[in-house]
Amino acid sequence: MALKNTQRGFTLLIAVIFMSVMLSFGLALGSLGYKQQVLASGAIASQYAFYVADTALECALYADQQQGLFAYEKYDGKPKSMTCDGTTVAVVQMPPSASELVSTVRLSLDSDVRCADVTVYKYSEPQEPNGVTTYLFSIGYDVPCSRVANPGNARFVSRGVSAHY
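The structure contained in this document is the topic of the report that follows. Predicted model, so just to flag it, every value in this text is computed and none were measured.

## Examining the overall build of the protein chain
Line of reasoning, step 1. A tally of helices and strands in the protein chain yields 2 helices and 6 strands.
Line of reasoning, step 2. Overall, the protein chain shows an N-to-C arrangement of helices and strands of α-β-β-β-β-β-α-β.
Line of reasoning, step 3. What you see for the protein chain is a C-alpha radius of gyration of 29 Å, clearly larger than the 15 Å of a compact globule of 165 residues, by over 25%.
Line of reasoning, step 4. Over its C-alpha atoms, taken along the principal directions, the protein chain stretches across nearly 115 × 35 × 25 Å.
Line of reasoning, step 5. Within the span of the protein chain, comprising 165 residues, buried residues form 32% of the whole.
Line of reasoning, step 6. Sequence-distant contacts, at least 24 apart, represent 47% of the contacts inside the protein chain between residues at least 6 apart.
Line of reasoning, step 7. In the protein chain, which carries 12 positive and 13 negative side-chain charges, the distance between the mean positions of the two groups comes to 21 Å.

This is how it looks when you write it as structure tokens:
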């Protein structure tokens, strides 16, 4: 009578199960690492966009408060320019209505690596002490202005800040 060996392949089955578990752990850790890298790079891009928006807002505040560039009563229809980060750019001003003046400017910052859009609203309000209320909105982008103007399928981050007085 011949003895049958019923234990054949048991070691191979244990090895395959062990390798499957190890492969699952490896894939899970790889996926987690990838997601963390994407999240970290998004946070860095967001930080750059915020800093650019803040810089552009500070430039606009300086141009308004120290140079009177966006002054409601000084609108004469002539082209104006603003200097920020060593770059001089044109300011687009809409002809004022009886109660508001809107000015916009696109700034290329950080040696044309980042971009910001600033919009300044001036409202004439007789009940205010100086008669004019100013709202400034700044949006910063983590890409150059050329990419913002023609985004195509590009992905970029924008952050905004505002001030009023």
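## A few points about the nonpolar core
Line of reasoning, step 1. Ranked by internal contacts, the top residues of the largest apolar core, which has 22 residues, are F70, M82, V105, L107, L109 and V118.
Line of reasoning, step 2. Tallying contributions element by element places helix α1 (residues 10–65) first for this core, with 8 residues.
Line of reasoning, step 3. With residues near it in sequence (within four places) discarded, L109 still touches V52, T55, A56, C84, D85, R114 and A116.
Line of reasoning, step 4. With 5 residues, the next largest nonpolar core counts C115, Y141, C145 and V148 among its residues.

## Considering the side chain of T134
Line of reasoning, step 1. Looking at the element boundaries, T134 is found in strand β5 (residues 132–141).
Line of reasoning, step 2. For T134, a relative accessible area of 2% translates into the label buried.
Line of reasoning, step 3. Within the local environment of T134, its side chain forms a polar contact with the side chain of K122, the two groups lying 3.0 Å apart.
Line of reasoning, step 4. Setting aside its immediate chain neighbours within four residues, T134 contacts D64, V120, Y121, K122, A163, H164 and Y165.

## Notes on the pairing of strand β4 (residues 114–124)
Line of reasoning, step 1. Of all 11 residues that make up β4, 8 are buried, and the element is covered over most of its length.
Line of reasoning, step 2. For strand β3 (residues 100–109) and β4, the ladder comprises 10 bridges, and the chain directions are antiparallel. Considered in β4, the bridge of R106 is made with D117.
Line of reasoning, step 3. Turn length for the β3-β4 hairpin, with the two strands adjacent in sequence and antiparallel, is 4 residues, and the turn residue D110 shows positive phi of about 60°.
Line of reasoning, step 4. Sheet topology note: the β4/β5 ladder contains 10 bridges and is antiparallel. By the bridge assignment for β5, A116 is matched with G140.

## Quick notes on the sheet that holds strand β2 (residues 87–93)
Line of reasoning, step 1. In space, the 6 strands of this open sheet follow the order β1-β2-β3-β4-β5-β6, with antiparallel pairing throughout. Among the strands making up the open sheet, the edge pair consists of β1 (80–84) and β6 (158–164). When the angles between neighbouring strand axes are averaged without regard to direction, this sheet yields 20°.
Line of reasoning, step 2. Lying on the sheet, α1 is in contact with β1, β3, β4, β5 and β6; it crosses β5 at an angle near 150°.

## A word on the packing of aromatic side chains
Line of reasoning, step 1. With the rule as written, the count across this model stands at 5 aromatic pairs.
Line of reasoning, step 2. Ring geometry for F50 versus Y51: centroids 6.1 Å apart, planes at 55°, classification tilted.
Line of reasoning, step 3. On the basis of relative accessible area, F50 is assigned to the partly exposed category, the value being 37%.
Line of reasoning, step 4. Judged by centre distance (5.8 Å) and plane angle (80°), the rings of Y141 and F156 are edge-to-face.

Rules used in this analysis
Residues numbered from 1 in each chain as written. Predicted model: local features only at pLDDT ≥ 70, side-chain atom pairs only at ≥ 80, totals over all residues. Heavy atoms only, no water. Helix = DSSP H or I, 4+ residues; strand = E, 2+ residues; numbered from the N terminus. Rg over C-alpha atoms; globule rule 2.2 N^0.38 Å. Buried < 20%, exposed > 50% of the residue type's maximum accessible area, 1.4 Å probe, protein only. Contact = heavy atoms within 4.5 Å. Lys, Arg positive; Asp, Glu negative; His and termini not counted. Charge placed at Lys NZ, Arg CZ, Asp CG, Glu CD. Core = buried A, V, L, I, M, F, W, Y, C linked by side-chain atoms within 4.5 Å. Polar contact = N/O pair within 3.5 Å; in protein donor to acceptor, adjacent residues only side chain to side chain. Pairing = 2+ DSSP bridges. Axes fitted to C-alpha atoms, helices over the stretch in contact; angles between N-to-C directions. Phe/Tyr/Trp six-rings, centres within 6.5 Å; stacked < 30°, edge-to-face > 60°.

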